[in-house]
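Architecture at a glance
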Amino acid sequence: MSIAALRRSARATVAGFPGGFWWLWLSTLVNRTGAFVLTFLSLYLTRELGHPAWFAGFVVSLHGLGGIVGSPLGGSLTDRWGRRPTMVSMHLAAAACAALLAFVTSAWGVAIIVLMMGVAMQAVRPAINAAIADLVPASEVRRAYALNYWALNLGFAIAAIGGGAAALLGYHTLFLIDATATVLCALIVFLRLPETRPEAASATTAAPAAGTTKAEPEVGYGTVLRDAPFRTLVTLNLLVCLVFTAPWIGLSLTMDAARLGSAYGAVIAVNGIVIVAFQLLVNRITDKRSPVMLLTVASLLFAVGTGATALAGNAVAFAATVVVWTIGEMVHVPINAAATARLAPEHARGRYQGVMGMSWSVAGFVAPSLAGLVIDGPGSDILWIACALIGVVAAVGYQTRLRSVLAEVEDGHPGTAKEETPAPKGVVAESATADATA
């Protein structure tokens, strides 16, 4: 491909978005560039404070537990309070937690701070996703989520590289840099991002004349959970998230058992490298394609990538498995976010994104513990076989339960969110599993 063709492709990838989106994109990049706490928390707890590995794992899991609370909280604040104030307040809360970690050294003090940080960091995500859906035309929302996800991973890659060097200054310095970057992110949102909440936009217009349609009624979480198509999407996303989260704990233990633990850092770094290098290309390839087909393919890539880990015998083979499930990640994340935005009514985008975000937090809390238990019990091969089976189940679920629903939404039909709306044909009926997951 010529240089001119590459330039045209790059322009097509980033063209057509309003300024507000790019300020939001920049805030994501700045925030993630300084995201040192989670990256180095386990090392800080074990090397600096001298805690055992089990306690480090427990504290990291508390971050996921905080997210289970933070996601629905952020969703409610996003719809009631607004996108911008939710982002600013939760970013500042996360910054305060990062700063506190630089000074608090007691075991349970650190644990409580990390728990609260999980609440704040996850509470901001529904607001970000809702604001993107507000700012960007429906036909471009996939591309917008993919670009934002690319910024997130680019920032993470910079943080991992810079943090490794900055660690020479001490972990406390890293945590203060994290707090500073998060405050800067909040300032960008406060100074440059307009409020995009639909109710806020309509509040400036005249009151509707007699006989016209009234404003949409507020949607509570009970209504969201009774939306059968969306509940199915959340359930399937939870299955995918369990598979996606398992390698972040299980891969290091599997490689260590194979006496390849020293190569783990380089192998897992492949995930970030592939995303930064190829996310925009993947977005170009998947643009305008069927969402249910893409979610199915992504689930199968997760299944193949994690399942093949049981067969890997050297660092190169392990890295190859990471490449496979990373491609699945690049496809799944923006498509799932776009499907959530399409199914949600405009005035309930925050709550819908909050429930979807909660599925990620549940996986982040449950999967590390389950992975460790399986490896200590039946063994790592059973873990990877189980991941492959779960990925296949998710792929079948997308094909059999959401094909017609996502096709209708992609064609421009509004998502169902009202309590009285019957589930479309082919959508899974209410079940104990879906209720528990949602």
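Once that is clear, we can look at the overall build of the protein. The helix and strand tally for the protein stands at 19 helices and 0 strands. For the protein, the residues scored as buried account for 52% of the 438 residues in total. Considering only contacts within the protein whose residues lie at least 6 apart along the sequence, 86% involve residues at least 24 apart. Surface exposure of the protein reaches about 18900 Å², of which carbon and sulfur atoms provide 68%.

Our next topic: the nonpolar core. Formed by 53 residues in total, the largest nonpolar core has its most connected members in Phe 230, Leu 233, Leu 251, Met 255 and Tyr 398. If you list the elements that add at least two residues to this core, you get helix H11 (228-245), helix H12 (247-257), helix H13 (264-286), helix H14 (291-307), helix H15 (315-343), helix H16 (349-376), helix H17 (380-401) and helix H18 (403-410). With 10 residues, the top contributor of residues to this core is H15. Setting aside residues up to four positions removed in sequence, Phe 230 forms contacts with Val 224, Thr 340, Leu 343, Tyr 352, Val 355 and Met 356. If you look at the next biggest cluster of nonpolar residues, it comprises 29 residues, including Val 88, Ala 127, Ala 144 and Trp 150.

Right, let's get into the environment of Ser 27. Here Ser 27 lies in helix H2 (residues 19-33). With 125 residues separating them along the chain, Ser 27 and Leu 152 place their C-alpha atoms 9.6 Å apart. Among all residues touching Ser 27, those that are not within four sequence positions of it are Cys 185, Ile 188 and Val 189. Polar contacts involving the side chain of Ser 27 include one to the main-chain carbonyl oxygen of Leu 24, which spans 2.6 Å.

If you check the backbone angles, Arg 259 has positive phi at about 60 degrees while not being a glycine. By secondary structure assignment, the location of Arg 259 is in the loop between H12 and H13. Positioned with a positive phi, Lys 288 is a non-glycine residue whose angle comes to about 75 degrees. You can see Lys 288 is positioned in the loop between H13 and H14.

With the rule as written, the count across this model stands at 17 aromatic pairs. Residues Phe 21 and Trp 22 carry aromatic rings whose centres are separated by 5.1 Å and whose planes lie at 75 degrees to one another, so their mutual orientation is edge-to-face. The class of Trp 22 is partly exposed, set by a relative accessible area of 26%. Aromatic pair Tyr 44 and Phe 175: ring centres 5.0 Å apart, planes at 85 degrees, arrangement edge-to-face. In this pair, Tyr 44 sits in helix H3 (residues 37-48) while Phe 175 sits in helix H8 (residues 171-192), placing the two residues 131 residues apart along the sequence. With a relative accessible area of 0%, Tyr 44 lands in the buried category. Here a set of aromatic residues connected by ring pairs shows up, and it is made of Phe 17, Phe 21, Trp 22, Trp 25 and Trp 150.

With that out of the way, let us pick up H3. Helix length check: H3, at 12 residues, gives a terminal C-alpha distance of 14 Å against a target of 16 Å (1.5 Å per residue), a shortfall beyond 12%. Just downstream of H3, Gly 50 is the residue with a positive phi angle, here 80 degrees.

Overall, the coordinates contain 5 salt bridges when judged by the stated rule. Taking the shortest distance from any N to any O, the salt bridge between Asp 79 and Arg 83 comes out at 3.4 Å. Arg 351 is the salt-bridge partner of Asp 79, the closest N and O atoms lying 3.3 Å from each other. Taken together, the residues Asp 79 in helix H4 (residues 53-80) and Arg 351 in helix H16 connect sequence positions 272 residues apart.

Glancing now at the side chain of Thr 196. Its location among the elements puts Thr 196 in the loop between H8 and helix H9 (198-202). A polar contact is formed between the side chain of Thr 196 and the side chain of Asp 134, at a distance of 2.8 Å. If sequence neighbours within four positions are ignored, Thr 196 has contacts with Arg 83, Ala 131, Asp 134 and Leu 135.

For the rest of this paragraph, the subject is the confidence of the model for the protein. Of all residues in the protein, 84% have pLDDT values of 70 or greater, and the mean over the chain is 84. Of the regions scoring below 50 in pLDDT, residues 201-214 engages in 1 contact with residues more than four places distant in sequence or in other chains. Across residues 413-438, confidence stays below pLDDT 50; counting only partners more than four residues off in sequence or on other chains, it has 44 contacts.

With that settled, consider H8. The end-to-end C-alpha distance of H8 is 32 Å, a good match for the 32 Å that 22 residues give at a rise of 1.5 Å each. Of all the positions in H8, only Tyr 171, Leu 174, Phe 175, Asp 178, Ala 179, Ala 181, Thr 182, Cys 185, Ala 186, Ile 188 and Val 189 are classed as buried.

Turning our attention to the packing of H11 against H16. The geometry of H11 relative to H16 is characterised by a closest axis approach of 8 Å and an angle of 30 degrees between their N-to-C directions. Here H11 is positioned roughly parallel relative to H16, judged by the angle of their axes. At the point where H11 passes H16, the crossing takes the right-handed sense. Residues Phe 230, Leu 233, Val 234, Asn 237, Leu 238, Cys 241, Leu 242, Phe 244 and Thr 245 of H11 form the contact with H16, whose own contacting residues are Tyr 352, Val 355, Met 356, Ser 359, Trp 360, Val 362, Ala 363, Gly 364, Ala 367 and Pro 368. Split into classes, the residues belonging to the contact of H11 with H16 amount to 15 nonpolar, 4 polar and no charged.

Before going further, it helps to examine the side chain of Asn 129. Secondary-structure assignment places Asn 129 in helix H6 (residues 107-135). Leaving out residues up to four positions away in the same chain, Asn 129 has contacts with Tyr 145 and Gln 353.

Moving on to the packing of H15 against H16. One can describe the packing of H15 onto H16 by two numbers: an axis separation of 9 Å at closest approach and a directional angle of 145 degrees. For H15 against H16, the interelement crossing comes out right-handed. Between H15 and H16, the residues in contact are His 332, Val 333, Asn 336, Ala 337, Thr 340, Ala 341 and Leu 343 and Arg 349, Tyr 352, Gln 353, Met 356 and Trp 360, respectively. For the contact of H15 with H16, the residue count by class is 7 nonpolar, 4 polar and 1 charged.

Conventions adopted
- Residues numbered from 1 in each chain as written.
- Predicted model: local features only at pLDDT ≥ 70, side-chain atom pairs only at ≥ 80, totals over all residues.
- Heavy atoms only, no water.
- Helix = DSSP H or I, 4+ residues; strand = E, 2+ residues; numbered from the N terminus.
- Buried < 20%, exposed > 50% of the residue type's maximum accessible area, 1.4 Å probe, protein only.
- Contact = heavy atoms within 4.5 Å.
- Areas by Shrake-Rupley, 256 points an atom, 1.4 Å probe, with all protein chains shown as cover.
- Core = buried A, V, L, I, M, F, W, Y, C linked by side-chain atoms within 4.5 Å.
- Polar contact = N/O pair within 3.5 Å; in protein donor to acceptor, adjacent residues only side chain to side chain.
- Phe/Tyr/Trp six-rings, centres within 6.5 Å; stacked < 30°, edge-to-face > 60°.
- Expected span 1.5 Å × (residues − 1).
- Salt bridge = Lys/Arg side-chain N within 4 Å of Asp/Glu carboxyl O.
- pLDDT = per-residue confidence, 0-100.
- Axes fitted to C-alpha atoms, helices over the stretch in contact; angles between N-to-C directions.
- Parallel < 35°, antiparallel > 145°, perpendicular 65-115°, else oblique.
- Left-handed = near helix turned anticlockwise from the far one by under 90°.
- Nonpolar A, V, L, I, M, F, W, Y, C, P; charged D, E, K, R; others polar.

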